[in-house]
Structures are given as structure tokens and as C-alpha cells.
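Residues per chain are reported as follows:
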Amino acid sequence: CAGQQTAGRGRNQRQWESPAGASLSCSILIRDPKGPAHWYGILLAMALAESLKLQGADAGLKWPNDVLVQDKKIAGVLGQSTTDFLLVGIGVNIQPVGIENSISLAELELETSFDFQLAGLLKEFLKIRNEFELAGVTAVLEQLKEISHTLGRKVRVTTEAGILEGTATDIDSQGRLV
């Protein structure tokens, strides 16, 4: 975990930095995952959404890995895997970051303590991860759909095959947007 990032990496290998105290940046090492690697990033995003909901925020997910409050991004999740382990990382805005369509814990008047937020995130992640690893995707899929801020909306998805546009109607058992 870090309270400052100077050589972080975002989606598509973009450089990412966060000043001291501006965010909670955390990576979790998972040895011998019990399910498909991409699910652990979704689980971590779900865990933060649940932790924020317990604090009174109407948090949800923008498929597949952004956490939103008031339709603004408060956190993003990235994952990386090898044959032996995987890493899932999250960056949570503690203070305003000056990025369009973003929001922070401070702006929501939530607790800005690094330790408090980390403890809540890890508690929820452990709970959701255990449910997933014991019972599989079915244990978390309905919860994922309930907190989705993507379902029912017009979306534009860029894939290797090109750009797809339409209305998001479901999330399937593989975690893919339909």
C-alpha cells in the first residue's frame, strides 16, 4: 500500500502518479487463485463499493472495474496475472484529484483516514473473495448486477475487433458485459 505514487501504471500502460495523501493505492497478491483471474479485479471493485455503501455513499460499479459515486469515478482497479499468482490493485481518491468526472472521499465528507479506508476495503474483499471461492460466480453475480451503474445504459466498448455500441443489458457468468 502507498499514500503516494510516482511510477504507477494505469490502463493501457498509462503512467499514473498521485501526490502524497491524495489517494490510497493498494495491490493485493493472490497466490493460487480459485477462479479466473479477471474476477478478482471485479471482486476488489465490489468490495470498495460495499465498504463505501456501509459509510453511506451510493457507490456502484462502472463495468468492469471503476467504482463510482454520484456517477463520478472514485476508484479504479487493475489486475495482472502470471501462472503462479495474480495482483489486483486499486487506487481510491482520498482528496480531490482534479480529473474531470472524478470525486473523492473528502468531497463526499467521508472518513479520509488511510487506515480506516484500507481496513474497510480489506474486510469486504475478504468476505466477497471467500464467497466467490467457496460457491463460485453465482455467489457474487447478482450482487454485481445490483451495484452496476452500467446496466440499462448506452455504452461504447473498444475491443481488438473494433468499437461496439449499444445498451448494456446484462453481465454474464464470465463477467462479460452483454
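Summary of the structure given here. Given the structure is predicted, the values throughout are model-derived calculations rather than measurements.

### Notes on the packing of aromatic side chains
Evaluation of the coordinates by the stated rule reveals two aromatic pairs. Consider the rings of Tyr-40 and Phe-132, whose centres lie 5.6 Å apart with planes at 85°: the pair is edge-to-face. Within this pair, whereas Tyr-40 is found in helix α1 (residues 37-54), its partner Phe-132 is found in helix α2 (residues 114-135), the two being separated by 92 residues in sequence. On the accessibility criterion, Phe-132 (4% relative accessible area) is buried. Three or more aromatic residues link up through ring pairs in this structure, and these residues are Trp-39, Tyr-40 and Phe-132.

### A closer look at the packing of α1 against α2
The geometry of α1 relative to α2 is characterised by a closest axis approach of 8 Å and an angle of 130° between their N-to-C directions. As judged from the angle between their axes, α1 and α2 are oblique. The crossing of α1 and α2 is right-handed. Residues Trp-39, Tyr-40, Leu-43, Leu-44, Met-46, Ala-47, Leu-48, Glu-50, Ser-51, Leu-52 and Leu-54 of α1 form the contact with α2, whose own contacting residues are Gln-117, Gly-120, Leu-121, Glu-124, Phe-125, Ile-128, Arg-129, Phe-132 and Glu-133. A per-class count over the contact of α1 with α2 returns 13 nonpolar, three polar and four charged.

Rules and cut-offs
Residues numbered from 1 in each chain as written. Predicted model: local features only at pLDDT ≥ 70, side-chain atom pairs only at ≥ 80, totals over all residues. Heavy atoms only, no water. Phe/Tyr/Trp six-rings, centres within 6.5 Å; stacked < 30°, edge-to-face > 60°. Helix = DSSP H or I, 4+ residues; strand = E, 2+ residues; numbered from the N terminus. Buried < 20%, exposed > 50% of the residue type's maximum accessible area, 1.4 Å probe, protein only. Axes fitted to C-alpha atoms, helices over the stretch in contact; angles between N-to-C directions. Parallel < 35°, antiparallel > 145°, perpendicular 65-115°, else oblique. Left-handed = near helix turned anticlockwise from the far one by under 90°. Contact = heavy atoms within 4.5 Å. Nonpolar A, V, L, I, M, F, W, Y, C, P; charged D, E, K, R; others polar.

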